[in-house]
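So the chains spell out like this:
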Amino acid sequence: MVFMSANMLAFFLIGLLVHLVFFASIFDIYFTSPLVHGMSPHRSALPPPAQRLVLFVADGLRADSFFELDEKGQTRAPFLRNVVEHGGSWGVSHTRVPTESRPGHVALIAGFYEDVSAVAKGWKENPVEFDSVLNESKYSWCWGSPDILPMFAKGASGDHVHTHMYPAEMEDFAAQDASKLDTWVFNEVKDFFEFAKSNETLSNKMWADQVVYFLHLLGLDTNGHAHRPMSSEYKENIRTVDKGIQEVVSVIEDFYRNDKKTAFIYTSDHGMTDWGSHGAGHPSETLTPLVAWGAGVNGPLAGSGQEFQDNFLQEWKLNDWKRFDVNQADIAPLMAALIGIPFPLNSVGILPLEYLNNSDQFKADCMLTNTMQILEQFTVKMIHKKETTLSFLFSPFKPLPLSKGQEMLRKARLYIQQQQYDEAISLCKSLIDLALEGLSYYHTYDRVFLGISVVLGFVGWISYAFVLIVKRHTRLSEPTSKLDKLSSNDHLPALFTGAGMALTLFLVIQSCPWTYYIYCLLPIPVWYAVIKEFRVIQNVINLLLTYPAKSIGYLLLFILGIETMIVSFFHRQVLTFGLMSFASWPLLSKRFHQNKVMSLSWVFFSFILAVFPLMPVVGRSPNIALVTGAGLLTAICSFIFLCSFKTAKATSVETTVNRSVYTAQIASIVLSIYIVNTTHSSLAVKHGLPLTSQVISWTTLASSLLMPLLSSTFIFQRLLSINLSLMSTYLLLSTGYEAFFPLVLSCLVFIWINLEQETTQFHNISPAVKQLSMINFVQKADSMHVRYLGLDDIRRSYFFIFFIVTAFFGTGNIASVNSFDPASVYCFLTVFNPFVMGALMMWKILIPFVIVMCAFESIQVSTRLSSNSLFLIVLVISDIMALHFFFLVKDYGSWLDIGTSISHYVIVMSMTIFLMFLSRLAETLTTQRIGLQEKIKQHFT
């Protein structure tokens, strides 16, 4: 099948490669690993207060859910509340984004904030070598989820980290009681200690110093996803965990004969939103509880005069007890200090001295050890950067030269020798702050250089796409003489080749990673391709200067349109304004008098679609009744639509086949309604996911892209078949009002196709225009009818991009993972599998994209325009948006601001890459036919 000419195929492949490079660049610039290798371990020389430590991590536990009192004014965790009031210290642990289990546990146990690229390389494995509290311990025993424990065991040296995990199948969101995951852990721990009493070898290991017990408790996270944090299941799970911890603490103290050498820490990896998700930076996700007690830990202190920006102390009735907040990474050095092990090599946590109950000398010595460990990371990072940078280009971190760091360390040691512990601690904290600032400086050292390279490539690529549009699809490209070409391009190859060689030599001397070569050398061939076509650019400039006022007006309108879409990434409501503006299009273009029915329908559905961006984010309030209503309305509308048009030039055999296909697809819609209702009803009574529902759901998904290929390739009939297939899958992935979204979107784009066809007839720019019902996707294009681009085609491309953005944000897919509700995939699976669940949610997002893409394909065919030309315009608009977001990326401010700015760029780049693939998918869906031999559509080039 010939989709495009050889030239355009090459352009498509090169464009895909270029955009993948632009996409990957954000990870090299902002998501590089913070790890530094080559340091030596540091630990305090003074005897530690504890021989062993027990770490309880309640996965997905919010701080407010734990500390607040219930409706009766009673605590949900009586044992731990008693610890807070009478036995230990407490506070709030502040996490960073992404608030996911893996990076949360790495911060807790290893003391550093893992980069996103490491998460993408492996969820359960350890894709990068890092040190941790478990690795530094003499022996560690861990119980819990197979999603968390392996990365600490496989990343540890030797075989001293032992894991006990339940089967992955137990992590089922549809389970009758997810707290059984925690009960399993508690029972296993109690059995373990009971067995140790009769096993001398094991007992001797457990009585050693520097022992860690790690209990990972996943029940709260599972119940939070399945039932929401406000549910009785989640709140009762807190009571279950509290009771289990009380029993385990009793067993441990009994085993060690109450020797007062055990330290306990209770915390969480992340919180959870009210709608049961996490990943972003909302306080409900970033605020987690921290309770510490036992050997070496301070008891409760009076809380008079406490001031915090929040009102939690009053809400939790904890005004009388001192609250000590920490950053999540600070817990790792706290655990290391308590049991006297080396601080994790890559830790950036600062020891929270307020939690330690020991001598001032011990605190000062531990703080000095913490300082040496962080300063060595800074030193190694600085030396490495200096060795790989030309001496005259190297710019050191001026606030902290090596001599100053060593002098501050020497002074701190002197303070400790003179028993001036407060001065030593203060000096160490100042040095840590400088070292951490320096680490960040060297970590982002190449950011400006790489950013300039990527921007040059971006601008060059946009310019090249623009030149192709003008040269191949407009009348502005006038042939130039061979003499002109030779005189203008004679020295260009040598000039650009020399620049490339010089830049390569520079990168080799700098010992740069191989990816740097791609980012830096990519702009050279791109700009060469642009500059050698300078005659085309000159023609465009001459045209703009001929009509200056009109050119400025169109340019301002173009900029306003792009800025509107960019603002919609920050404020979804802007899409409502855009869609309401679209409603006036038939009136402004004088289509209203030509076809009042279509024009009024366009206005009506534009206003209906404009309502969706004003709705709350999907998943916050599930309502299966709305899914049922949307399915029934889709089936009814499809039946009416099917009866409203006649099959053009169809044989009796083809008509019979078409009717069978459409009947099967409408039946599939009804079946999807039934599956959604039975599945969620079964889950509501905790009977699990019915096997029949699961089989039918996966079958529906698998057939959704095959069924349309059985239908007629006449334009409206094929579009109806595509939308029906996609809608049946979308219903299975819906939990509320979003089920209406593809239906309304489909109706609007159907009307759009009609209005665009009438626009071409009105302007008489497309000879031999057929009625829409007569147009076949596989019709052979007549090269005589290929036309040049006009201003209306820029509007068509803009409409397309706007509909794509609306398809993404219309149902509330904000730029973070916490907007995705796991309940969306419950018809397919309920056992936790992040990659399968993520793929299903991604397909749910792409379904409206495919609907819009197929409509755009229809417009290209019906207006007799080259699909290549329209797609080039789309590419230019989307790339301008992506470049805009590249400049908006932040590396300062709150972690939410940083994460959101990066997410916006990633989303736009992903959207552009997906559009390239979806354009091919849409072409296949609209032109291919299974069973009947037909000609295929030849795209105009």
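About the thresholds
- Each chain carries its own residue numbering, running from 1 in the written order of its sequence.
- Side-chain atom pairs in this predicted model are given and counted only at pLDDT of 80 or more, local residue features only at pLDDT of at least 70, and totals for whole chains, interfaces and linings cover all residues.
- To get the side-chain values, all heavy atoms of the structure are used, and hydrogens and water are removed first.
- Comment: elements are numbered from the N terminus, with helices defined as DSSP H or I runs of at least four residues and strands as E runs of at least two.
- Burial here depends on accessible area, computed with a 1.4 Å probe over protein chains only, as a share of the maximum for the residue type. Under 20% is buried, over 50% is exposed, and the range in between is partly exposed.
- Residue contacts follow a heavy-atom distance rule, with two residues in contact if any of their heavy atoms lie within 4.5 Å.
- We define a polar contact as two N or O atoms separated by no more than 3.5 Å, with the added condition that, inside protein, one atom must be a possible hydrogen donor and the other a possible acceptor, whereas residues neighbouring each other in sequence contribute only through side-chain atom pairs.
- Classification of ring pairs uses Phe, Tyr and Trp, with its six-membered ring standing for Trp, and accepts pairs whose centres are within 6.5 Å; under 30 degrees between planes counts as stacked, over 60 as edge-to-face, and the remaining range as tilted.
- Here, a charge over a ring means that NZ of Lys or CZ of Arg falls within 6 Å of the ring centre while also lying within 35 degrees of the ring normal.
- What makes a nonpolar core is a set of buried Ala, Val, Leu, Ile, Met, Phe, Trp, Tyr and Cys residues whose side-chain atoms join them at distances within 4.5 Å.
- Angles shown run from 0 to 180 degrees and are taken between the N-to-C directions of axes, each axis being a line fitted to C-alpha atoms and, for helices, limited to the stretch in contact.
- For classification, angles of less than 35 degrees are called roughly parallel, those exceeding 145 degrees roughly antiparallel, those between 65 and 115 degrees roughly perpendicular, and all remaining angles oblique.
- Classification used: nonpolar for Ala, Val, Leu, Ile, Met, Phe, Trp, Tyr, Cys and Pro, charged for Asp, Glu, Lys and Arg, polar for all others including Gly.
- We call two strands paired when DSSP finds no fewer than two bridges between them.
- A patch consists of residues whose relative accessible area exceeds 30% and which take part in no salt bridge; residues with like charges are grouped when within 9 Å of each other, and nonpolar side chains (Val, Leu, Ile, Met, Phe, Trp, Tyr) when within 5 Å.
- Methods summary: accessible areas were calculated by the Shrake-Rupley approach with a probe of 1.4 Å, and residue burial reflects only the protein chains presented.
- Each reported salt bridge corresponds to a side-chain nitrogen of Lys or Arg within 4 Å of a carboxyl oxygen of Asp or Glu.
- Within this analysis, the arc is defined by the directions that extend from the helix axis to the C-beta atoms.
- On a range of 0 to 100, pLDDT expresses the predictor's confidence in each residue.
- For any helix crossing, the convention is left-handed if the near helix is rotated counterclockwise from the far helix by under a right angle, and right-handed if that rotation is clockwise.
- Helices are assigned an expected span. That span is 1.5 Å times one less than the residue count.

1. Some thoughts on the overall build of the protein chain
Line of reasoning, step 1. Within the protein chain, the secondary structure is distributed over 36 helices and eight strands.
Line of reasoning, step 2. Looking at the 941 residues of the protein chain, the share that counts as buried comes to 58%.
Line of reasoning, step 3. Excluding contacts between residues fewer than 6 apart, the proportion of contacts in the protein chain whose partners are at least 24 apart in sequence is 80%.

2. Section: the side chain of Glu756
Line of reasoning, step 1. The topology assignment puts Glu756 in helix 32 (residues 741–763).
Line of reasoning, step 2. Judged by its relative accessible area of 0%, Glu756 falls in the buried class.
Line of reasoning, step 3. Here Trp752 takes part through its side chain, which lies 2.8 Å from a polar atom of the side chain of Glu756.
Line of reasoning, step 4. If near-sequence neighbours (up to four positions away) are discounted, Glu756 is found in contact with Trp585, Arg795, Arg796, Ile859 and Thr863.

3. Topic: the packing of aromatic side chains
Line of reasoning, step 1. This structure, assessed with the given rule, holds 61 aromatic pairs.
Line of reasoning, step 2. Arranged with centres 5.9 Å apart and planes meeting at 80°, the rings of Tyr441 and Tyr445 form a pair that is edge-to-face.
Line of reasoning, step 3. Assessed through its relative accessible area of 27%, Tyr441 is described here as partly exposed.
Line of reasoning, step 4. When the centroid spacing of 5.2 Å and the interplanar angle of 80° are considered together, the rings of Trp698 and Phe828 count as edge-to-face. A residue pair is termed long-range when its members are at least 10 positions apart, and Trp698 in helix 30 (residues 691–703) and Phe828 in the loop between helix 33 (791–809) and helix 34 (834–862) qualify at 130 residues.
Line of reasoning, step 5. Relative accessible area serves as the criterion here: at 34%, Trp698 is assigned to the partly exposed category.
Line of reasoning, step 6. By the ring-pair criterion, three or more aromatic residues cluster together here, those being Tyr139, Trp141, Trp143, Phe192, Phe193, Trp207, Tyr213, Phe255 and Tyr256.
Line of reasoning, step 7. Just above the ring of Tyr256 sits the side chain of Arg52; from NZ or CZ to the centre is 3.5 Å.
Line of reasoning, step 8. The side chain of Arg96 reaches across the aromatic face of Tyr113, ending 3.9 Å from its centre.

4. A closer look at the nonpolar core
Line of reasoning, step 1. Residues Trp602, Trp752 and Phe800 are the most contacted members of the largest nonpolar core, which totals 142 residues.
Line of reasoning, step 2. For this core, the element with the highest residue contribution is helix 34, accounting for 17 residues.
Line of reasoning, step 3. When residues no more than four places from it in sequence are discounted, the contact partners of Phe800 are Trp752, Val852, Met853, Phe856, Val874 and Leu915.
Line of reasoning, step 4. Counting 74 residues, the second largest nonpolar core, distinct from the first, contains Leu149, Leu334, Phe378 and Ile416.

5. Describing the packing of helix 18 (residues 447–473) against helix 21 (residues 514–521)
Line of reasoning, step 1. Packing of helix 18 against helix 21 brings their axes to within 7 Å, and their N-to-C directions diverge by 45°. Classed by the angle they form, the pair helix 18 and helix 21 counts as oblique. Mapping the contact onto sequence places Phe449, Leu450, Ser453 and Val454 in helix 18 and Tyr516, Tyr519 and Cys520 in helix 21.
Line of reasoning, step 2. Of the residues that constitute the contact of helix 18 with helix 21, the class distribution is six nonpolar, one polar and no charged.

6. Describing the sheet that holds strand 6 (residues 262–267)
Line of reasoning, step 1. Spatially, the eight strands line up as an open sheet ordered 4-3-5-1-6-7-2-8, and their pairing is mixed. A strand with exactly one partner marks an edge of an open sheet, and here the two such strands are strand 4 (161–165) and strand 8 (326–327).
Line of reasoning, step 2. Summarising the sheet, strand 1 (residues 52–58) and strand 6 pair through six bridges and their orientation is parallel. Looking across to strand 6, one finds that Leu55 is bridged to Ile265.
Line of reasoning, step 3. Relative to strand 6, helix 14 (residues 331–339) is tilted by about 170°, and along the sheet it contacts strand 1, strand 2 (88–94), strand 5 (211–217), strand 6, strand 7 (287–294) and strand 8.

7. Examining a nonpolar patch on the surface
Line of reasoning, step 1. Together, Tyr554, Leu557, Leu560, Leu791 and Ile794 line one region of the surface with nonpolar side chains, adding up to about 500 Å² of accessible area.
Line of reasoning, step 2. The set of elements that each furnish at least two residues to the nonpolar patch consists of helix 24 (548–568) and helix 33.
Line of reasoning, step 3. The element that contributes the greatest number of residues to the nonpolar patch is helix 24, accounting for three residues.
Line of reasoning, step 4. Inspection of the secondary structure assignment puts Leu560 in helix 24.

8. Here we look at the environment of Trp207
Line of reasoning, step 1. Among the secondary structure elements, Trp207 is positioned in the loop between helix 9 (200–206) and strand 5.
Line of reasoning, step 2. Each C-alpha atom, one on Trp207 and one on Arg52, is 8.6 Å from the other, the two residues being 155 residues apart in sequence.
Line of reasoning, step 3. With near-sequence residues (within four places) excluded, Trp207 lies in contact with Gln51, Arg52, Phe255, Tyr256, Arg257 and Asp259.

9. Observations concerning helix 21
Turn by turn, an α-helix covers 3.6 residues, leaving residues three or four places apart pointing in a common direction.
Line of reasoning, step 1. Three or more residues of helix 21 are buried, namely Thr515, Tyr516, Tyr519 and Cys520. The buried residues of helix 21 occupy one face: seen down the axis, they fall within an arc of 125°.

10. Some remarks on unusual backbone geometry
Line of reasoning, step 1. With a phi angle near 80°, Arg228 is a residue other than glycine that sits in the positive phi range.
Line of reasoning, step 2. As for its placement among the helices and strands, Arg228 is situated in the loop between helix 10 (219–227) and helix 11 (232–255).
Line of reasoning, step 3. The backbone of Lys260 shows a phi angle near 60°, a positive value even though the residue is not glycine.
Line of reasoning, step 4. Mapped onto the elements of the fold, Lys260 is located in the loop between helix 11 and strand 6.

11. Concerning the confidence of the model for the protein chain
Line of reasoning, step 1. Across the protein chain, pLDDT averages 85, with 88% of residues at or above 70.
Line of reasoning, step 2. Counted against residues more than four places away or in other chains, residues 765–769, with its pLDDT under 50, gives nine contacts.

12. Digging into the pattern of salt bridges
Line of reasoning, step 1. Within this structure, the stated rule accounts for 22 salt bridges.
Line of reasoning, step 2. Between Glu71 and Lys235 there is a salt bridge, with the nearest N and O atoms lying 4.0 Å from each other. Taken together, the residues Glu71 in the loop between helix 2 (63–67) and helix 3 (78–86) and Lys235 in helix 11 connect sequence positions 164 residues apart.
Line of reasoning, step 3. Relative accessible area serves as the criterion here: at 70%, Glu71 is assigned to the exposed category.
Line of reasoning, step 4. For Lys235, a relative accessible area of 18% puts it in the buried group.
Line of reasoning, step 5. Of the charged contacts in the structure, one is a salt bridge between Glu756 and Arg795, with a shortest N-O distance of 2.7 Å. Of the two residues, Glu756 sits in helix 32 while Arg795 sits in helix 33, which places them 39 residues apart along the sequence.

13. Some points on the packing of helix 30 against helix 31 (residues 715–732)
Line of reasoning, step 1. Across the interface, helix 30 lies against helix 31 with an axial gap of 9 Å and an inter-helix angle of 145°. Taken as a pair, helix 30 and helix 31 cross one another with a handedness that is left-handed. Contact with helix 30, carried on its side by Ser697, Thr700 and Leu701, involves Ser728, Thr729 and Leu732 of helix 31 and no other residues of that element.
Line of reasoning, step 2. Each residue belonging to the contact of helix 30 with helix 31 can be placed in one class, and the counts come to two nonpolar, four polar and no charged.

14. Observations concerning the side chain of Gln373
Line of reasoning, step 1. Secondary-structure assignment places Gln373 in helix 15 (residues 360–387).
Line of reasoning, step 2. Among the polar contacts made by the side chain of Gln373, one reaches the main-chain carbonyl oxygen of Pro344 at a distance of 3.3 Å.
Line of reasoning, step 3. Among residues more than four places away in sequence, those in contact with Gln373 are His42, Phe343, Pro344, Leu345, Asn346 and Ser347.

15. Things to note about helix 8 (residues 180–196)
Line of reasoning, step 1. Spanning 17 residues, helix 8 covers 24 Å between terminal C-alpha atoms, matching the ideal 24 Å at 1.5 Å per step.
Line of reasoning, step 2. Leu181, Asp182, Trp184, Val185, Phe186, Val189, Phe192, Phe193 and Ala196 are the residues of helix 8 that are buried.
Line of reasoning, step 3. Buried residues in helix 8 make contact with strand 3 (139–144), strand 4, helix 9, strand 5, helix 10 and helix 11.

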